[in-house]
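# Residue-level structure breakdown
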Amino acid sequence: MKYDARKLSTEEQHLIRKIAVQRVFDGESAAEVSRSLGLGSRTIFPWLRTAREKGVEALSPKIRPGRGRKLSAIEEEEVKRWIIGGDPRQYGFDFGLWTRQIVSDLIFERFKIELSVSSVGTLLHRLGLTPQKPLRRAYERDEKAVNKWVKEVYPKIKSYAKKTGAEIFWLDEASIRSDDPLQRTWGEKGKIPVVKDSQSMRSQLYRIEVASGIIFIVESSRQKGA
C-alpha cells in the first residue's frame, strides 16, 4: 500500500519510517520496501542509518496520552502484511503457524501496544483474515517445475496412455509422523494459506514413509502382444 505523506499526521509519518526500516532489517531490500510504500528512492537510507546508530525505537512516534491499545490504520495494514506475507518463524518465533497470542506478542514487540487475545481475534477478522487448515509445502518445492509437469508433461503421458490403451495408476503416500499434524493458522479469507518446511527436516520426522507421486503406465495385454 502506498501512502501520501502530505495526508499523514506526524505520528503516522514516524510509523511509516519505523515499519520501513524494520522490514529491511527483516530481510527485504530497501528498494522493494520503498516501492511498496511509495517512498523516494533515497528516502529510506537516513532512517536506516539512524536505526543502526540509535536503534529502531529512535524512529518511533512519541506516545500520546489517551492513545490506549488501538492500532492505527497503518499498523493494522502491517499486521495483515505479516500474516499474508509469511509465517511467525520469519519474525523470530519457533512456531510456523499464526495464533492470536503470537500476533499479540509481535504487535507488542513492534509497536509497544498491548492487545488481548480476544481483541487480536476481532482485529484479524476485521482485516479479512480467518483461521484455516493450511497446506504444507517444502521449501525445496519448485513451483515452476510443478506447473510445467502438470501443464506439459502429464498431458503427454495421458495422451500416450489413451493411444496405447494403457491405464494410469498413482501411488499415494502413507506415513507415520513423529510430530503433530498441522493445526489451524490465520490467513486471507477465501485463500488457503501455505506453510513451508524443509524436506530434509520432514524426512527426519517421519518414522515410516511410503514413496509418493510415482506414476505407473500399465499397457493392456492386447498392446503387449502386438
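The structure we're discussing is the one just above.
Presented here is an overview of the structure given in this document. The structure displayed is predicted, hence computed values, not measured ones. (Residues numbered from 1 in each chain as written. Predicted model: local features only at pLDDT ≥ 70, side-chain atom pairs only at ≥ 80, totals over all residues. Heavy atoms only, no water.)

### Section: the pattern of salt bridges
Pairs can form between side chains of opposite charge whenever their charged atoms are close. Formally: By definition here, a salt bridge exists when the distance from a side-chain nitrogen of Lys or Arg to a carboxyl oxygen of Asp or Glu is within 4 Å. The way it works is that DSSP assigns letters per residue, a run of H or I at least four long becomes a helix, a run of E at least two long becomes a strand, and they are numbered from the N terminus. Between buried and exposed lies partly exposed: a residue is buried under 20% and exposed over 50% of the maximum accessible area for its type, with that area taken using a 1.4 Å probe on protein chains only.
In the structure shown here, the tally under the stated rule is eight salt bridges. Between Arg81 and Glu78 there is a salt bridge, and its shortest N-O distance comes to 2.9 Å. Taken together, the residues Arg81 and Glu78, both in helix α4 (residues 73-85) and three residues apart, mark about one turn of the helix. Linking Asp87 and Arg89 is a salt bridge whose minimum nitrogen-to-oxygen distance equals 2.9 Å. The class of Asp87 is buried, set by a relative accessible area of 10%. One network of salt bridges, in which partners are shared, links Arg23, Glu28, Glu78 and Arg81.

### Quick look at a nonpolar patch on the surface
Operational definition: Two distance rules govern patches: like charges are joined within 9 Å, and nonpolar side chains (Val, Leu, Ile, Met, Phe, Trp, Tyr) within 5 Å, applied only to residues with over 30% relative accessible area and no salt bridge. Using the Shrake-Rupley algorithm and a 1.4 Å probe, accessible areas are obtained, with residue cover drawn only from the displayed protein chains.
Residues Trp149, Val150, Val153 and Trp170 make up a contiguous nonpolar surface patch of roughly 370 Å² in combined accessible area. Broken down by element, the nonpolar patch gets its largest block of residues, three residues, from helix α7 (residues 143-164). Inspection of the secondary structure puts Val150 in helix α7. On the basis of relative accessible area, Val150 is assigned to the partly exposed category, the value being 48%.

### Quick notes on the packing of helix α1 (residues 10-25) against helix α3 (residues 44-54)
Spelled out, the test is: Simply put, an axis is a line fit to the C-alpha atoms, just over the touching stretch for a helix, and the angle between two N-to-C directions goes from 0 to 180 degrees. Every angle not falling under 35 degrees, over 145, or within 65 to 115 is termed oblique; those three ranges are roughly parallel, roughly antiparallel and roughly perpendicular. Any two residues whose heavy atoms approach within 4.5 Å are treated as being in contact. Residues are sorted three ways: Asp, Glu, Lys and Arg are charged, Ala, Val, Leu, Ile, Met, Phe, Trp, Tyr, Cys and Pro are nonpolar, and all the rest, Gly among them, are polar.
Two elements in contact, α1 and α3, have axes separated by 10 Å at closest approach and are oriented at 75°. Judged by the inter-axis angle, α1 sits roughly perpendicular to α3. Between α1 and α3, the contacting residues are Ile16, Arg17, Ala20, Val21, Val24 and Phe25 on the first element and Ile44, Trp47, Leu48, Ala51 and Arg52 on the second. Grouping the constituent residues of the contact of α1 with α3 by class yields nine nonpolar, no polar and two charged.

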